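Fold and contact review
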4 protein chains.
Amino acid sequence: MKKKEEERKKQIMNAAFHAVSNLGYDKVTLQDIANHANVSKGVVHYYFTSKQNILLELLESTTSKIYRFEIQEIGKYHSAIEKLQAYVNAVFVSPQDNKKFYRVYLDFLAQANGNEDYKRINLKFYENCWGIGQEIIELGKGEGVFREDIDPLTYAKVIRAIIDGSLIQWLTCDIEEQHTFYKDICFNSILKLLK
Amino acid sequence: MKKKEEERKKQIMNAAFHAVSNLGYDKVTLQDIANHANVSKGVVHYYFTSKQNILLELLESTTSKIYRFEIQEIGKYHSAIEKLQAYVNAVFVSPQDNKKFYRVYLDFLAQANGNEDYKRINLKFYENCWGIGQEIIELGKGEGVFREDIDPLTYAKVIRAIIDGSLIQWLTCDIEEQHTFYKDICFNSILKLLK
Amino acid sequence: MKKKEEERKKQIMNAAFHAVSNLGYDKVTLQDIANHANVSKGVVHYYFTSKQNILLELLESTTSKIYRFEIQEIGKYHSAIEKLQAYVNAVFVSPQDNKKFYRVYLDFLAQANGNEDYKRINLKFYENCWGIGQEIIELGKGEGVFREDIDPLTYAKVIRAIIDGSLIQWLTCDIEEQHTFYKDICFNSILKLLK
Amino acid sequence: MKKKEEERKKQIMNAAFHAVSNLGYDKVTLQDIANHANVSKGVVHYYFTSKQNILLELLESTTSKIYRFEIQEIGKYHSAIEKLQAYVNAVFVSPQDNKKFYRVYLDFLAQANGNEDYKRINLKFYENCWGIGQEIIELGKGEGVFREDIDPLTYAKVIRAIIDGSLIQWLTCDIEEQHTFYKDICFNSILKLLK
DNA sequence: AATGAATGAGTCTTCATTCAT
DNA sequence: TATGAATGAAGACTCATTCAT
């Protein structure tokens, strides 16, 4: 029965993701989430103690999904440059997915300002991303393709800043065709910085 | 009389700024704004047609205030590098101000995803910021301190991405001491990119 | 389950009727209706999309209740004169009921001037009433008790005008004892007109 | 100065009439009235103690205007039948005027149900109208054109009921072309009743 | 486990009324 | 006299949460 419960929660979580993605963090209602999940409003409360609770888990699951995907993608390659390219590609998956995922993510980012729980989850996500950056930088230094004098953690933070900054800019300008443009300047900028 | 009205609107706008900054975009109520302005709820509606209307003007005034400050600061210097430093300094004014201003800005950025009006205002802000970047880059190219082969607009976008990405990261990590750290890596990264 | 919902709506509708009857169309609040129904404010919105919606249904149910009662009463008799008397009696049921029903009806009549939905519902009610008048007139012509040269629809309209005009006059003068007086002059006038 | 005050009040009263006529009794605001009068909101309160007060005076002035016009019109003729025709013609002036005046009147009629002041004013209007009816009936009896056995007051009430009932029916059906139709059946019915 | 009816606190908005100028 | 800025009470409506079934 434990398995069914897990499945139910996943189903609701998924519905919450689409609902927030469509309507925005502050517009979404429990009824919206229930509708997206094709269940009754009561079910949502049965599996989650409160709306706050759902959204918290949603941030957690969203960031962890993003992170796992990044890990998976860079795992397919072996050189630092290839891994870096895979990392950036993983972030800029496709216009459609980026819009869905990062709208939700951006909403939570804004929420994090006034909510310690969100802040904590987001910090964990940052640390994970910095970990990816560090790994690539250290690999590149070992390969001799990146400069020796760069501090891995510091530059890992810069890398993430460039990635987030580019993605948010693309998201806000909302010109689908520029997806590739932003992916490219993001990758090229990071590369130039590390070389 | 016109002047008094302008002043009143500014007072309310200012109250709205602090209210959103303290409570967040979606938590703020008209009563909060009225309280911050030390006026009755009715007054807010007397000067603004709706809550939406206040928030729209708030985004406009906030972004334009940020932009004007940036313009003012880079105007104090004459060389490209100095202007770039002034630009970054203007963004990273002080931990306190950054928190206030960019919390509001980040909230609107998140809203922009689902609201054409916010999107439009934000695009205008981006274009203004890109203009600053382009100006600095072209000056630097003239001075011979920046590479010749860089496209001003493209790199202006990268500059803003790094700035926003760094600031949001600092804001979210919420460690005041790292304010200088983020300002520095932001400036250094941009410089390295352009040289 | 469907039955329970129907009952609930009826209960609220009934509460709305009494609330409007006591307080008047433009004074009544959703809270008043909720109080009359002994339910919470939220319930009213659960069953009706808006206040407008409740009042619309109230006009519909009020006019249809009046009409059904008229039909029922004239159905008890077979001759034209008896039916006419039953018709007038049905309208002038009793001082208490008349006050309740026709106060609500008069309120809606006034609203109909600026509202197409009310106008439409009221027109339907008029047509129903004219139908009753026509039926009685045609029957009376067949029986030879009414003149041959009268146009059924035209006179049906006159009949309703006399009925409404008398009732409104009684309602506005608000002298209970005159209830019988107005019922009598109403019936006698119509009769004299048709003979 | 007394004269100017009177004029001001008249101006506001007139504006109130048009405002209520356009918007309806319960929709009209003091701002609407002020706008129609091209004065500031403050002025309205300067000349009338309250909104209730304006509307009360409006009912009084409206009913008295209707009554004075009826008196004036029947004064132009000398025979009972001509006076009756003039009376009906005065009520059914023109589609445009009827709509304006009787919308306001119907609104007040509805209000009268729950308000003693309105009720009193309206009763006064009824008594005036009954007076007209009685006068015509007595004249007709004297002329020998009306039956001898009719009670003037009773039939005066019937006359007014037919007039109001017809006018309200025309107003609610809202078919301009039927204005003449209703005027005719109204006059013919009354005539048939009295002969 | 699941439903959805019921609750009522909270929010935006309107507007009569007051009052300083 | 006249203005219109300011107030705050009141009302429609939303929605998270509870709970009986």
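As the structure is a computational prediction, the values presented were derived from the model and not from experiment.

1. Structural notes on the overall build of chain A
- Helix and strand counts for chain A come out as 9 helices and 0 strands.
- Each principal axis of the C-alpha atoms in chain A carries an extent, and together these give about 60 × 40 × 30 Å.
- Counting every position in chain A, which comprises 195 residues, the buried fraction comes to 53%.
- When the accessible surface of chain A is split by element, carbon and sulfur atoms take 51% of a total near 8600 Å².
- Once the 26 positive and 26 negative side-chain charges of chain A are each reduced to a mean point, those two points are 5 Å apart.

2. So, the UniProt feature "DNA-binding region" (unreviewed entry) in chain A
- Those places that UniProt annotates as "DNA-binding region" (unreviewed entry) correspond, in this numbering, to residues 29-48 of chain A.
- Taken end to end, residues 29-48 of chain A comprises 75% helix and 0% strand; its first and last C-alpha atoms sit 14 Å apart.

3. Considering the protein's contact with DNA strand E
- Contacts to DNA strand E come from 29 residues, most closely from A:Tyr47, B:Lys51, C:Arg8, C:Tyr46 and C:Tyr47.
- Here a base oxygen of DNA strand E and a side-chain polar atom of C:Lys41 are 3.1 Å apart.
- Side-chain polar atom of D:Lys51 to a phosphate oxygen of DNA strand E: 2.7 Å apart, as the coordinates give it.
- Elements represented by at least two residues in the surface near DNA strand E include exactly helix 3 (41-47) of chain A, helix 3 (41-47) of chain B, helix 3 (41-47) of chain C together with helix 3 (41-47) of chain D.

4. So, the protein's contact with DNA strand F
- Inspection of the region around DNA strand F gives 30 residues, with B:Arg8, B:Tyr46, B:Tyr47, C:Lys51 and D:Tyr47 positioned closest.
- Backbone atoms, meaning sugar plus phosphate, form 72% of the atoms of DNA strand F positioned within 4 Å of the protein.
- With respect to DNA strand F, the backbone of A:Leu30 contributes an N or O atom lying 3.0 Å from a phosphate oxygen.
- A distance of 3.3 Å separates a phosphate oxygen of DNA strand F from a polar side-chain atom of D:Ser40.
- Mapped onto the surface near DNA strand F, the elements with two or more residues apiece are helix 3 of chain A, helix 3 of chain B, helix 3 of chain C together with helix 3 of chain D.
- A per-class count over the surface near DNA strand F returns 12 nonpolar, 10 polar and 8 charged.

Cut-offs used in this document
Residues numbered from 1 in each chain as written. Chains lettered and ligands numbered in written order. Predicted model: local features only at pLDDT ≥ 70, side-chain atom pairs only at ≥ 80, totals over all residues. Heavy atoms only, no water. Helix = DSSP H or I, 4+ residues; strand = E, 2+ residues; numbered from the N terminus. Buried < 20%, exposed > 50% of the residue type's maximum accessible area, 1.4 Å probe, protein only. Areas by Shrake-Rupley, 256 points an atom, 1.4 Å probe, with all protein chains shown as cover. Lys, Arg positive; Asp, Glu negative; His and termini not counted. Charge placed at Lys NZ, Arg CZ, Asp CG, Glu CD. UniProt positions renumbered as here; feature names shortened; annotations may be inferred. Near = heavy atom within 4 Å. Polar contact = N/O pair within 3.5 Å; in protein donor to acceptor, adjacent residues only side chain to side chain. Nonpolar A, V, L, I, M, F, W, Y, C, P; charged D, E, K, R; others polar.

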